[in-house]
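Here are the chains, one letter per residue:
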Amino acid sequence: MNGNQPKRLLNEQYLSESAPSRIFKHRIEGSIEVHWHEFFEMALVLEGEGVHVLNGKSMRLAPGSLFLVTPADFHEIIPDPSSVIILYDVVFTQHVLRQELFQWLFQSSGERVCDLAGTVFAAFRAEFDRMWEESELQQAGSEWVAQGALERVLIDMARMGARDREDYQAGGHVHPSIRIAVTYIQHHFREPLTLHHVAKHAGLSDNYFSECFRRQLGIPFQVFLQEQRLQFAHALLKLTELPVTEVCLASGFRTLNHFERAFKKKYNHTPRELRSGQRPQFVD
């Protein structure tokens, strides 16, 4: 990795079709630089202290810190001076979870972090310990035991409601198929998504999906998709030194011209003006 250039970690580097989830026990002695990944990552800090910067927001890390990072997030970990962070780290793809469970877990957006203590921390740690032990022993049925532990941790984390999350009408009035589509877009917006592709994923015809999406969320599908990409690009430009062209591609845009026009229309300045601090001044 060069300087502050974020690195994207790919599924094939850590996972496979036969092993769509894995658990690691990491010892972090130096900073883990800004990066994002195609897979989901959930970590529980066992020892040490430091800072976790998730989508540009700094949060303290200490024993009991639990966080879940999705493919739509980018983050870095910075141990405190003279501190070593030891944590469990579980990585997995969306396909590990049943569709109904995945949709329930990720129907709203926002950072998923919480701080555990006492018996709650002990209970969560026991689940991670079990996943680790089963991955080491590889006995008959180990993958099912580990799967159950992973699902219990995710469900308990979701129940805790560690943070208030804002979403586009994430309540019960949204059509279930549109809710599925929104969740899918929020985790795949960097990919070359089309209305047809997302409509098929939601189980609706193209025309009905387009009409229903606009009526339910108040904006067309393409506008919603572009908003996800622009928000991600804006954060990358502010918090990293990634070149504008790379930000464009990393955010899901296919051409620099389209990206720059859309960015200026939304934020009233170009990506380069944001990066340099030379934003235009408007006079009433």
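Above: the structure in question.
Quick caveat, the model's predicted, so the values are computed rather than measured.

Undergrad: Any details on the overall build of the protein? Residues and values, ideally.
TA: The number of helices and strands found in the protein is 11 helices and 10 strands. By the burial criterion, 46% of the 284 residues in the protein qualify as buried. At a minimum sequence separation of 6, the contacts of the protein that also span at least 24 residues come to 71%. Total accessible area computed for the protein in this model is approximately 14800 Å², and 49% of it derives from carbon and sulfur atoms.

Undergrad: Residues and numbers for the sheet that holds strand β3 (residues 32-37), please.
TA: Strands in a sheet are paired, the pairing made by backbone hydrogen bonds, and the direction either parallel or antiparallel. Spatially, the five strands line up as an open sheet ordered β1-β3-β8-β5-β6, and their pairing is mixed. Taken across any chain shown, the strands that pair with only one partner, and hence form the sheet edges, are β1 (7-9) and β6 (57-61). Sheet twist, expressed as the mean angle between neighbouring strand axes with direction ignored, is 30°.

Undergrad: Go over the pairing of strand β8 (residues 75-79) with me, naming the residues and quoting the values.
TA: When you tally the buried positions in β8, you get four out of five residues, the bulk of the element. Of the pairings in the sheet, the one linking β3 to β8 comprises two bridges and is antiparallel in character. Within β8, the residue paired with H35 across the bridge is H75. Two elements, strand β5 (residues 50-54) and β8, share five bridges in a ladder whose sense is antiparallel. Looking across to β8, one finds that L54 is bridged to H75.

Parameters and conventions
- Residues numbered from 1 in each chain as written.
- Predicted model: local features only at pLDDT ≥ 70, side-chain atom pairs only at ≥ 80, totals over all residues.
- Heavy atoms only, no water.
- Helix = DSSP H or I, 4+ residues; strand = E, 2+ residues; numbered from the N terminus.
- Buried < 20%, exposed > 50% of the residue type's maximum accessible area, 1.4 Å probe, protein only.
- Contact = heavy atoms within 4.5 Å.
- Areas by Shrake-Rupley, 256 points an atom, 1.4 Å probe, with all protein chains shown as cover.
- Pairing = 2+ DSSP bridges.
- Axes fitted to C-alpha atoms, helices over the stretch in contact; angles between N-to-C directions.

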